Structure formats: C-alpha cells, structure tokens
Amino acid sequence: VLKLIRAPEKFPYSRTDLHLLPAGTLGNQLIRMLDQKQLELLPYYAKHDIKHLLLNYDTTDEGEVCLQCFMLGNGHISFPVLATVIFGMVTMPEYRSRFKEAYRRGKCRTAISGWDWFTLLDRPLEELIQKIDQPILHLD
C-alpha cells in the first residue's frame, strides 16, 4: 500500500555493482553491511538501508526506532516515521532515552531528507558521515 501512495524510487544498482565500487565508498560499505548481516538488497528499501549505515543505527528494532527518531528530529515528518516513533516509545520504554537522544541528534544535524541518495554511492562513507555530523547552530 505504501508503495502505491509514495511511489518509491527503485534502486538502480545490483549487488555486483556495489561490490565493484571502491572500498570505503558508501555503496561498497552498504553491500558489505548487507552481506555481514545476511540481508537482501531490496530494490525499494536500499535508501533506508543507506540511512542505517550513514547514521550508525543498527538494523535491530531499537536501531530502527532510533533511525526514525533521528529523521523526525531532522525534519522528516511522514506516516511511517511517526508510526515507528510512537510504536517504539509505547512498546520499548527501556530505550526511550536512546530514542530521545536520536531525536535531539537529528534536530541539530544537517537536514538529509532531500539528499539524492543514489548519486552518493561512489562517495567516501566517512566524508558523508562527517557532513551529517556537522552540528547546525540554532540562534534561538
């Protein structure tokens, strides 16, 4: 249903394509992460997996909610983000402090929701992480 509403962009690369990218690039690190965790490269969820890698949130339930809390703090408001954050806050109270920290982290970091994710695959992962981790100064 969400695919019909949002019409997500299909990932244009194969596992082989990603393996052929230079070591240390976002695309190569993405496929290494998927291989290590024995996960499939899903054509409509690769962008999501890239966020896990760039934001350093694991693919566990806790990591998923942290990622969505970051995105909410970073200004990305959507039904999946809100549903995941609410679900996590209600069902995983033991991680609430981590969720709040992820939200605060997202609030003061470079906005990433408008990034053209698939054009970044040949860029060094560390360079992109540093770009995200540059705090935004709020003059309130």
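Read on for an overview of the structure. (Residues numbered from 1 in each chain as written. Predicted model: local features only at pLDDT ≥ 70, side-chain atom pairs only at ≥ 80, totals over all residues. Heavy atoms only, no water.)

## Things to note about the overall build of the protein chain
A count of helices and strands for the protein chain gives eight helices and zero strands. For the protein chain, the succession of helices and strands along the chain, N to C, is α-α-α-α-α-α-α-α. Scaling as 2.2 N^0.38, a compact globule of 140 residues should have a C-alpha radius of gyration of about 14 Å, and the protein chain matches this with 15 Å. Taking the principal axes of its C-alpha atoms as reference, the protein chain extends roughly 45 × 35 × 30 Å. The buried share of the protein chain, reckoned over its 140 residues, is 38%. For the protein chain, long-range pairs separated by at least 24 residues make up 61% of all intrachain contacts whose partners lie at least 6 apart in sequence. As presented, the protein chain carries roughly 8600 Å² of accessible surface, and 55% of it is formed by carbon and sulfur atoms. Side-chain charges of the protein chain comprise 17 positive and 17 negative groups, with the mean position of each set lying 4 Å from the other. (Helix = DSSP H or I, 4+ residues; strand = E, 2+ residues; numbered from the N terminus. Rg over C-alpha atoms; globule rule 2.2 N^0.38 Å. Buried < 20%, exposed > 50% of the residue type's maximum accessible area, 1.4 Å probe, protein only. Contact = heavy atoms within 4.5 Å. Areas by Shrake-Rupley, 256 points an atom, 1.4 Å probe, with all protein chains shown as cover. Lys, Arg positive; Asp, Glu negative; His and termini not counted. Charge placed at Lys NZ, Arg CZ, Asp CG, Glu CD.)

## Structural notes on the side chain of Glu62
With respect to the helices and strands, the residue Glu62 is situated in helix H5 (residues 61–73). Non-local contacts of Glu62, meaning those with residues more than four positions away in its chain, are made with Met92, Tyr95, Arg98 and Phe99.

## Quick word on the environment of Leu18
Among the structural elements, Leu18 can be located in helix H2 (residues 15–20). Measuring from C-alpha to C-alpha, the distance between Leu18 and Ile31 comes to 6.1 Å, with 13 residues separating the pair along the chain.

## Here we look at unusual backbone geometry
Phi at Gln38 is positive, roughly 55°, even though this residue is not glycine. By secondary structure assignment, the location of Gln38 is in the loop between helix H3 (26–36) and helix H4 (46–55). Its relative accessible area of 74% is what places Gln38 among the exposed residues. Residues other than glycine seldom take positive phi values, yet Asn56 does so here, at roughly 60°. With respect to the helices and strands, the residue Asn56 is situated in the loop between H4 and H5.

## Things to note about H5
Relative to the 18 Å expected for 13 residues at 1.5 Å per residue, H5 spans 18 Å between its end C-alpha atoms, a close match to the ideal helical length. A large share of H5 lies buried, amounting to eleven of its 13 residues. Turning to H5, its buried residues number three or more, namely Glu62, Gly63, Val65, Cys66, Leu67, Gln68, Cys69, Phe70, Met71, Leu72 and Gly73. In this structure, the buried side of H5 is in contact with H4, helix H6 (79–91), helix H7 (96–107) and helix H8 (125–132). One or two positions beyond H5, positive phi appears at Gly75, with a value near 100°. (Expected span 1.5 Å × (residues − 1).)

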